[in-house]
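What the coordinates show
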Amino acid sequence: MSSKSEALFARAQNVMPGGVNSPVRACKSVGCDPVFIARAAGGRMWTVDGEELVDFVMSWGPMLLGHANPVVEAAAMAALKNGASYGAPCPAEVELAEMIRGIMPSMEMVRMVSSGTEATMSAVRLARGCTNRPRVLKFDGCYHGHSDGFLVSAGSGVATLSIPGTPGVPDAIADLTLLAPYNDLDAVAAQFKAHGPEIACVIVEPIAGNVGLIEPAPGFLQGLRRLCDENGALLIFDEVISGFRASLGGAQGRYGVKPDLTTLGKIIGGGFPVGCYGGRRELMEQVAPSGPVYQAGTLSGNPVAMAAGIATLSELGKRDYAALETRTRDFAGELASILRAKGRDVTLNQTASLFTLFFTKTPVTDYATSKTQDTAAYGAFYRQMRARGVNLAPSGFECGFTSFAHTDEDFERALAAARAVEL
Ligand code: KE4
């Protein structure tokens, strides 16, 4: 008899593309079907078939306080009693904006949106509007959401001109996006040498989380700041993953590099759909209605999501980030040791409460080295860990996420499962 998850997945595939509302959830790259989740709390989730999972995806980052945090829940439910959305200003959006500015001072003004994709596409439009330049430079493998200009891949040849990364992106759009390998300042300098007067901005994940986890090499972010300043381009930090996670003040707080614009998502909504972009006042004042760069959103700043965001950031302000980083380092380090003891080549990258186990002996510093990983081996590891009650990222090109809610028992259960894996 099929499980409830199997039955739900069959129904889902009949009415939703791939049976999911976001591709990575389909678990295709790890060679299995997804399980359907009934509920989650703390560091755990329970499937519709009653299986209990220690979770290291945490909704791809938002749940840094853990699932179903009671303070966040109470705030959202209290707000909901006053109505879900007004389409008019409410006090909570002012409060959250002021909190964000207090935590990330580079964000002198902010605009709320409803996803990370909206935040990055809007920030790039603003950069183009403020500089009157058409081109955007991004990094191979970095993901900034699914707006057209980001869905490109490296073309042939050294010039790393872009070609569409998916059907539906016109060549003319892809052509406006320039690429460089992550951590390669020489390649960035070469792009500026070739196209400098046309480059509106450089957008970067200051900690890369979409090729697996890759930390910026010493001096990389500082070098981007210098090259942008020398060429009149704006520097955009896409902190959708790293914001409030790399430190409370994000990667910019951790590494001390100040971008012109920042994009946020995930954690800022505490699990509700919230994104935001912000930065220098003279740039943000160009956003409609105070300026000519248009951007809008029906549910932007809605009172329930704002209440959840306020509660989330308030709670995070009381947490010990250093302690979580140590627990994550110890846990991920022990995972890597267990796999190496089984004869597997593993490169571990871990920063703050993020980690990725790459099944390769090559140090992973960019997309090219991330692609040396044995994805079949990772898939086998993922499947065996899930069968033993541990939910890892269903792709070797994603991050693992810990939270302030993960307990010693959660970590020990995951390590026991890893010891039992047969690879
Ligand atoms: P959303 O539109 O998915 O809220 O955010 C897009 C985005 C922007 N910038 C960065 C650095 C991101 O990591 C993301 C989204 N992250 C992926 C996982 N790596 C979301 C998971 C999914 O696509 O289902």
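Shown above is the structure to which this text applies.
Residues numbered from 1 in each chain as written. Predicted model: local features only at pLDDT ≥ 70, side-chain atom pairs only at ≥ 80, totals over all residues. Heavy atoms only, no water.

A few words on the overall build of the chain. Of the regular secondary structure elements, the chain holds 14 helices and 16 strands. At 21 Å, the chain has a C-alpha radius of gyration in line with the 22 Å of a compact globule built from 423 residues. Taken along the three principal axes of its C-alpha coordinates, the chain extends 60 × 55 × 45 Å. Split into buried and exposed, the 423 residues of the chain put 55% on the buried side. When the accessible surface of the chain is totalled, it reaches about 17,400 Å², and 55% of it is carbon and sulfur. The distance from the centre of the 37 positive side-chain charges to the centre of the 42 negative ones in the chain is 2 Å. (Helix = DSSP H or I, 4+ residues; strand = E, 2+ residues; numbered from the N terminus. Rg over C-alpha atoms; globule rule 2.2 N^0.38 Å. Buried < 20%, exposed > 50% of the residue type's maximum accessible area, 1.4 Å probe, protein only. Areas by Shrake-Rupley, 256 points an atom, 1.4 Å probe, with all protein chains shown as cover. Lys, Arg positive; Asp, Glu negative; His and termini not counted. Charge placed at Lys NZ, Arg CZ, Asp CG, Glu CD.)

At a minimum axis distance of 9 Å, the contact between helix H11 (residues 321-341) and helix H14 (residues 408-420) shows a crossing angle of 10°. By the angle between their directions, the pair H11 and H14 is classed as roughly parallel. Note on element contacts: H14 touches H11 through Asp408, Phe411, Ala414, Leu415, Ala418 and Arg419, opposite Arg327, Phe331, Glu334, Leu335 and Ile338. (Axes fitted to C-alpha atoms, helices over the stretch in contact; angles between N-to-C directions. Parallel < 35°, antiparallel > 145°, perpendicular 65-115°, else oblique. Contact = heavy atoms within 4.5 Å.)

For the rest of this paragraph, the subject is H14. For H14, with 13 residues, the first-to-last C-alpha span of 18 Å sits near the 18 Å given by 1.5 Å per residue. Regarding H14, the residues found buried are Asp410, Phe411, Ala414, Leu415, Ala417 and Ala418. Angular distribution of buried residues about the axis of H14 spans 160°; they occupy a single face of the element. Exposed positions of H14 whose direction lies more than 90 degrees from the buried face are Asp408 and Glu409. In this fold, the buried residues of H14 make contact with strand S2 (44-47), strand S3 (52-55), H11, helix H13 (375-387) and strand S15 (390-391). (Expected span 1.5 Å × (residues − 1). Arc of directions from axis to C-beta.)

Bringing unusual backbone geometry into the picture now. The linkage connecting alanine 288 with the following residue, proline 289, adopts the cis geometry, with an omega of 5°. Along the polypeptide, proline 289 turns up in the loop between helix H9 (281-284) and helix H10 (303-316). One non-glycine residue, serine 59, lies in positive phi territory at about 60°. Overall, serine 59 belongs to the partly exposed group, its relative accessible area being 40%. Phi angles above zero are rare outside glycine, and alanine 352 is one such case at about 50°. Among the structural elements, alanine 352 can be located in the loop between strand S13 (347-351) and strand S14 (354-358).

The environment of the ligand is made up of 16 residues, and the closest members are Ser22, Thr117, Asn210, Asp238 and Glu398. Tyrosine 143 places a main-chain nitrogen or oxygen 3.4 Å from a nitrogen atom of the ligand. Here glutamate 398 contributes a side-chain N or O atom positioned 2.8 Å from a nitrogen atom of the ligand. About the coverage of the ligand: the protein hides 86% of its 540 Å² of free accessible area. Among the residues making up the shell around the ligand, the classes are represented as 5 nonpolar, 7 polar and 4 charged. For the shell around the ligand, the two domains that each supply at least three residues are domain 1 (4-65 + 320-420) and domain 2 (70-316). (Near = heavy atom within 4 Å. Polar contact = N/O pair within 3.5 Å; in protein donor to acceptor, adjacent residues only side chain to side chain. Nonpolar A, V, L, I, M, F, W, Y, C, P; charged D, E, K, R; others polar. Domains from an automatic or database assignment.)

The subject of this paragraph is the side chain of asparagine 183. Relative to the helices and strands, asparagine 183 resides in the loop between strand S8 (177-180) and helix H6 (185-195). In this structure the side chain of asparagine 183 is engaged in a polar contact, spanning 3.0 Å, whose partner is the backbone oxygen of threonine 365.

This next bit is on the pattern of salt bridges. Under the criterion given, the structure shown has 19 salt bridges. Two residues, arginine 281 and glutamate 285, come together in a salt bridge whose shortest N-O distance is 4.0 Å. Classification of arginine 281 by relative accessible area gives partly exposed; the value is 35%. Judged by relative accessible area, which is 34%, glutamate 285 ranks as partly exposed. Residues glutamate 325 and arginine 329 are paired through a salt bridge, measuring 3.7 Å at the closest nitrogen-oxygen approach. Linking glutamate 325 with arginine 329, this pair stays in helix H11, spanning 4 residues, or about one helical turn. (Salt bridge = Lys/Arg side-chain N within 4 Å of Asp/Glu carboxyl O.)

Take the nonpolar core next. Counting 41 residues, the largest nonpolar core has Phe56, Phe331, Leu335, Tyr378, Phe381, Met385 and Leu392 as its most contacted members. Broken down by secondary-structure element, the contributors of at least two residues to this core are H11, S14, H13 and H14. When residues in this core are grouped by element, the largest group, 6 residues, is from H11. Two domains share this core, each providing at least three of its residues, namely domain 1 (4-65 + 320-420) and domain 2 (70-316). Setting aside residues up to four positions removed in sequence, methionine 385 forms contacts with Leu335, Val390, Leu392, Ala414, Ala417, Ala418 and Val421. Listed in part, the 32 residues of the second largest apolar core include Met107, Cys276, Ala308 and Leu324. (Core = buried A, V, L, I, M, F, W, Y, C linked by side-chain atoms within 4.5 Å.)

Spatial ordering of the open sheet is given by S4-S12-S11-S10-S9-S5-S8, a layout of 7 strands whose pairing is mixed. Taken across any chain shown, the strands that pair with only one partner, and hence form the sheet edges, are strand S4 (109-113) and S8. Each strand axis lies, on average, 20° off the axis of its neighbour in the sheet, ignoring direction. In the packing of H6 onto the sheet, contacts are made with strand S5 (135-139), S8 and strand S9 (199-204), and the angle to S8 comes to roughly 150°. Across the face of the sheet, helix H7 (residues 220-231) comes into contact with S5, S9 and strand S10 (234-238) while running at roughly 150° to S10. (Pairing = 2+ DSSP bridges.)

Glancing now at the pairing of S9. Most of S9 sits inside the fold, with 6 of its 6 residues counted as buried. Across 3 bridges, S5 lies against S9 in parallel orientation. Directly across from valine 136, in S9, lies its bridge partner cysteine 201. Two elements, S9 and S10, share 4 bridges in a ladder whose sense is parallel. Each residue of the ladder has a partner; that of valine 204, found in S10, is phenylalanine 237. The parallel pair S9 and S10 is bridged by H7, and the resulting crossover is right-handed. (Right-handed = clockwise from strand over helix to strand, strands pointing away.)

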